[in-house]
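Remarks on the overall topology
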Amino acid sequence: MWRQRLLERGLSPRTVEVYVTDVNALLKWAGHRELCFTQGRAVDLSGRRFGRLTAVEPLAERIPGQRSVLWRCRCDCGKEIKAQANQLLRGYYQSCGCRKAEVLMESNLYVDNTNLKAVLSDTVRKDNTSGHPGVFRKRDKWAARIQYKGKIYSLGCYYRREDAIRARKNAEAWVKDDAERLLEMVNTPKQTG
Ligand SMILES: [Zn+2]
């Protein structure tokens, strides 16, 4: 903040750097700990655990418009993600996302008359004739439909099977997005990873 204010006053980054270094030296001499003005080193999270995540190293990049340091984090499952320090410290992240998927698969979660587990898994019904769920023969065409939140939505009829499948896939993507949002709301992260 202080560094920012100096920059806003029109001082060159180089001058600010010298200034910050001098002030830090003075503080050290006076017996105080250095104030953290050096960018990217505000909080050292190296090796700290956040649920299944372990902070590995701070990155130079930032999310546009965000000042919090991005950390490369490794999940217990082996996957790596980038997470902002402030969000890590607030307990926003508990895993790379694998925990949420597990919770979903363990529970038979119904939201708005919809089984999210069924929506978010890719199982083809055994009585399906097209090889793709929600796509079936209707007279001389292929019809696509999707069931969500207790309603069946017709996605149109197509001469070509692949067009019907494409329509169904688009609808699936939308439904999955919506279901994931619902899951987010009912499954707020807890401290137990
Ligand atoms: Zn993971």
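Residues numbered from 1 in each chain as written. Predicted model: local features only at pLDDT ≥ 70, side-chain atom pairs only at ≥ 80, totals over all residues. Heavy atoms only, no water.

What follows covers the coordination of the zinc ion. Listed as protein donors to the zinc ion are C75 (SG), C77 (SG), C96 (SG) and C98 (SG); their distances from the metal cover 2.2 to 2.4 Å. Mapped onto the sequence, the donors of the zinc ion take the spacing C-x1-C-x18-C-x1-C. Taken together, the residues span a long stretch of sequence, with C77 in the loop between β3 (70–75) and β4 (80–84) and C96 in the loop between α3 (85–89) and α4 (98–106) at a distance of 19 residues. Exposure remark for C77: the relative accessible area of 47% places this residue in the partly exposed category. When its relative accessible area of 17% is taken as the criterion, C96 is described as buried. (Donors = N, O, S within 2.8 Å, 3.2 Å for Na, K, Ca; no water. Helix = DSSP H or I, 4+ residues; strand = E, 2+ residues; numbered from the N terminus. Buried < 20%, exposed > 50% of the residue type's maximum accessible area, 1.4 Å probe, protein only.)

Once that is clear, we can look at the packing of aromatic side chains. Counting across every chain of the model gives two aromatic pairs. Where Y92 meets Y93, the ring centres are 5.2 Å apart and the plane angle is 75 degrees; that geometry is what we call edge-to-face. A ring pair is formed by Y148 and W174, whose centres lie 6.3 Å apart and whose planes are at 90 degrees; its orientation type is edge-to-face. In this pair, Y148 sits in strand β8 (residues 141–148) while W174 sits in helix α6 (residues 161–186), placing the two residues 26 residues apart along the sequence. Residue W174 is classed as exposed on the basis of its relative accessible area, which comes to 54%. When the ring centre of W142 is taken as reference, the NZ or CZ atom of R137 above it lies at 4.8 Å. Its guanidinium or amino end placed over the ring of Y159, K141 lies 4.8 Å from that ring's centre, counting from NZ or CZ. (Phe/Tyr/Trp six-rings, centres within 6.5 Å; stacked < 30°, edge-to-face > 60°. Lys NZ or Arg CZ within 6 Å of the ring centre and 35° of its normal.)

Formed by 15 residues in total, the largest nonpolar core has its most connected members in L45, L53, W71, C73, I81 and L88. Among the secondary structure elements, those contributing two or more residues to this core are β2 (53–58), β3, β4 and α3. Top element by residues in this core is β3. It accounts for three residues. In this view, L88 contacts L45, F50, L53, W71, C73, A83 and Y93; residues no more than four positions away in its chain are not counted. Counting six residues, the second largest nonpolar core, distinct from the first, contains A171, V175, A179 and L182. (Core = buried A, V, L, I, M, F, W, Y, C linked by side-chain atoms within 4.5 Å. Contact = heavy atoms within 4.5 Å.)

Turning our attention to unusual backbone geometry. Backbone geometry places R139, a non-glycine residue, at a positive phi of 50 degrees. By the element assignment, R139 lies in the loop between β7 (135–138) and β8.

Attention now moves to the pattern of salt bridges. Enumeration over the complete set of coordinates arrives at nine salt bridges. Each of E57, R72, R74 and E80 takes part in salt bridges that share partners, so that together they form one network. (Salt bridge = Lys/Arg side-chain N within 4 Å of Asp/Glu carboxyl O.)

Let us now look at the pairing of β7. In this sheet, β8 lies alongside β7 in antiparallel orientation, the contact comprising four bridges. Note that in β8 the partner of K138 across the bridge is K141. The loop that links β7 with its antiparallel partner β8 comprises two residues; one of these, R139, has a positive phi angle of about 50 degrees. (Pairing = 2+ DSSP bridges.)

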